[in-house]
Amino acid sequence: MLAEDQKEADAIAAHLIELNEERKDITARATEQAVKQIEEEGYLDQNVLVVFVEECPESVAGIVAGRIKEKYYRPTMILTRSGDHLKGSGRSIPGYHMQQELNACASLLLEYGGHAMAAGFSLKEEKLESLRDALNERCRLTPKDLIEKITIDREVALAEVSGNLVRELNLLQPVGEQNKGALFAKRGLEILSVKIRGKEGQVGSFMVRDQGRRYNLVDFQIDQCMKKEICAKYSEVVWESLEQGNASGCVMDIIYIPRINERYGELQYTIVDCR
């Protein structure tokens, strides 16, 4: 922002893009390692996921914890090595106050801090198993608590959404835990095709039909959302057909957020969940 000429600014911007791509690659690898460990070690029998990913940098541990939490919908703590001890970053779900639970295990920790939905902490490596056991023994989450609940504001046809509506919704920002952003739903969308984008193949660009008109929707986590649900509701053959541009009679209900794509200045429908 303080560059004095365009050439200097372009070089700095290019370096930032390179660093961001590197960060995304590191995050993806650490997430894959965490998923592999969780499924191979049988951690899905536990309500609180405490995972030591030795090669995960401290700077992305919180991002990885958030991704694992979204995938399995359980309170998740990702730990990595830091000098002669371990550091952890946690992300939670409603009904599990992460800071209070860590407080109850303070004797096992070197330090900790946070709030209901996120926390950071450190401990000696030999205390890791004790922490995992203590957190799960204390956990009072029920199977019903581990089913994600999404509250929508209303059902809105895609044709009803406009740039003016999005700009008015933006006046309610900032959004967060105590000020949720608007969530809309639309039932009975006919899915016509999908194109896979993104370096990690996690972004799906969907062509859909609603009330006779065609729209483009985007899903930034297709493996956890649209692909997963379409394969479960229909089949993998139907998904492959959509990738080839064939509609195959696929109809889905979606929850979405309308946004303005700042890069292109276009209205964008971002898929949050689907059935």
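Residues numbered from 1 in each chain as written. Predicted model: local features only at pLDDT ≥ 70, side-chain atom pairs only at ≥ 80, totals over all residues. Heavy atoms only, no water.

Teacher, can you tell me more about the pattern of salt bridges here?
Close approach of charged atoms allows side chains with opposite charge to pair. Scanning the model with the defined rule gives 13 salt bridges in all. One salt bridge in this structure joins R187 and E155, with 2.7 Å as the shortest N-O distance. Residue R187 is found in strand β7 (residues 184-197), and its partner E155 is found in strand β6 (residues 154-155); the two are separated by 32 residues along the sequence. For R187, a relative accessible area of 56% corresponds to the exposed category. The salt bridge partner of D210 is K186, with a shortest N-O separation of 3.3 Å. In this pair, D210 is assigned in strand β8 (residues 203-210) and K186 in strand β7, connecting sequence segments 24 residues apart. Pair check on accessibility: D210 and K186 agree, each one buried. Beyond isolated ion pairs, a larger network of salt bridges with shared partners links E54, R81 and E125. (Salt bridge = Lys/Arg side-chain N within 4 Å of Asp/Glu carboxyl O. Helix = DSSP H or I, 4+ residues; strand = E, 2+ residues; numbered from the N terminus. Buried < 20%, exposed > 50% of the residue type's maximum accessible area, 1.4 Å probe, protein only.)

Can you walk me through the packing of aromatic side chains in this structure?
Two numbers describe a pair of aromatic rings. These are the distance of the centres and the angle of the planes. One pass over the full model with this rule turns up 4 aromatic pairs. An aromatic cluster is present here, built from F184, Y215, Y256 and Y269 joined pairwise through their rings. Just above the ring of Y72 sits the side chain of K71; from NZ or CZ to the centre is 5.6 Å. (Phe/Tyr/Trp six-rings, centres within 6.5 Å; stacked < 30°, edge-to-face > 60°. Lys NZ or Arg CZ within 6 Å of the ring centre and 35° of its normal.)

Looking at this model, I keep getting lost on a negative patch on the surface. Mind explaining?
Taken together, the side chains of E4, D5, E8 and D10 present a region of like negative charge at the surface. Among the structural elements, D10 can be located in helix α1 (residues 6-40). (Patch = residues over 30% accessible without salt bridge, like charges linked within 9 Å, V, L, I, M, F, W, Y side chains within 5 Å. Areas by Shrake-Rupley, 256 points an atom, 1.4 Å probe, with all protein chains shown as cover. Lys, Arg positive; Asp, Glu negative; His and termini not counted. Charge placed at Lys NZ, Arg CZ, Asp CG, Glu CD.)

How should the packing of α1 against helix α2 (residues 58-72) be read in this particular structure?
Packed helices, taken two at a time, are described by the angle between their axes plus the distance between the axes. Running from amino to carboxyl end, α1 crosses α2 at an angle of 50 degrees, the nearest separation of the two axes being 9 Å. Looking at the two axes, α1 sits oblique to α2. Crossing of α1 against α2: the hand is right-handed. Touching R23, I26, T27, A28, A30, T31, A34, V35, I38 and E39 of α1 are V60, I63, V64, R67, I68, K71 and Y72, all from α2. Looking at the contact of α1 with α2, its residues break down into 11 nonpolar, 2 polar and 4 charged. (Axes fitted to C-alpha atoms, helices over the stretch in contact; angles between N-to-C directions. Parallel < 35°, antiparallel > 145°, perpendicular 65-115°, else oblique. Left-handed = near helix turned anticlockwise from the far one by under 90°. Contact = heavy atoms within 4.5 Å. Nonpolar A, V, L, I, M, F, W, Y, C, P; charged D, E, K, R; others polar.)

Geometric descriptors of this kind do not, in isolation, establish any biological role.
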